Amino acid sequence: REDIRAVVLTGAGKGFSAGGDINWLMERHAAEPHHNVDTMRRFYSMYLSVRRIPVPVISAINGAAVGAGLCLTLATDIRVAAK
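Residues numbered from 1 in each chain as written. Predicted model: local features only at pLDDT ≥ 70, side-chain atom pairs only at ≥ 80, totals over all residues. Heavy atoms only, no water.

**Student:** What is the right way to look at the environment of L9 in this model?
**Tutor:** Among the secondary structure elements, L9 is positioned in strand 1 (residues 7-10). Here L9 falls in the partly exposed class, since its relative accessible area comes to 24%. On a C-alpha basis, the gap between L9 and L72 in space is 9.4 Å, while along the polypeptide they are 63 residues apart. In this structure, L9 is in contact with F16, V50, V57, I58, S59, A60, L72 and T76, ignoring residues within four places of it in sequence. (Helix = DSSP H or I, 4+ residues; strand = E, 2+ residues; numbered from the N terminus. Buried < 20%, exposed > 50% of the residue type's maximum accessible area, 1.4 Å probe, protein only. Contact = heavy atoms within 4.5 Å.)

This is the structure in structure tokens:
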């Protein structure tokens, strides 16, 4: 849409991202490495997809940004953080 000039990402509540699903991470630890390569590429491609948005993407980091949530903020064009 041509009327969208920027995207602002922020978290709900007191934090941007509380971190990952521990059970999913434990499954990654138990899996064979060759299975994890494809799984992790798909996982991180979701976060890097913000790079394809044709307008500036801003992370409004409203508290903790843990794990993949931090990766998401690093993929955005501008990051603004609060305590």
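Once the structure has been displayed, the description carries forward.
**Student:** Which parts of the structure should I look at to understand the pattern of salt bridges?
**Tutor:** Charged atoms that come close allow side chains of opposite charge to pair. Inspection of the entire model under this criterion finds two salt bridges. Notably, a salt bridge pairs R51 with D77, separated by 3.1 Å at the nearest N-O pair. Highlighted residues: R51 in the loop between helix 2 (33-48) and strand 2 (57-62) and D77 in the loop between helix 3 (68-75) and strand 3 (78-82), separated in sequence by 26 residues. Look at R51 and you get partly exposed, because its relative accessible area is 47%. (Salt bridge = Lys/Arg side-chain N within 4 Å of Asp/Glu carboxyl O.)

**Student:** Just checking my understanding: could you explain the environment of A18 for this structure?
**Tutor:** Its place among the elements puts A18 in the loop between strand 1 and helix 1 (22-30). For the pair formed by A18 and V66, sequence separation is 48 residues and the distance between their alpha carbons is 5.6 Å.

**Student:** Any chance you could explain the pairing of strand 3 here in plain terms?
**Tutor:** A regular strand places its side chains so that they alternate between the two faces of the sheet. Bridge analysis of strand 2 against strand 3 gives five bridges, and the strand direction is parallel. Pairing of I58 across the sheet is with I78, part of strand 3. With helix 3 bridging strand 2 and its parallel neighbour strand 3, the resulting β-α-β unit is right-handed. (Pairing = 2+ DSSP bridges. Right-handed = clockwise from strand over helix to strand, strands pointing away.)

**Student:** How should I be thinking about the nonpolar core in this particular structure?
**Tutor:** Soluble globular proteins tend to pack their nonpolar side chains together in the buried interior. Ranked by size, the top nonpolar core spans five residues in total: F16, V50, I61, L72 and A75. If we skip the residues at most four places from it in the chain, L72 touches L9, F16, Y47 and V50. (Core = buried A, V, L, I, M, F, W, Y, C linked by side-chain atoms within 4.5 Å.)

**Student:** Can you walk me through a nonpolar patch on the surface in this structure?
**Tutor:** Taken together, I22, L25 and M26 make up a surface patch of nonpolar side chains, about 310 Å² in accessible area. Inspection of the secondary structure puts L25 in helix 1. (Patch = residues over 30% accessible without salt bridge, like charges linked within 9 Å, V, L, I, M, F, W, Y side chains within 5 Å. Areas by Shrake-Rupley, 256 points an atom, 1.4 Å probe, with all protein chains shown as cover.)

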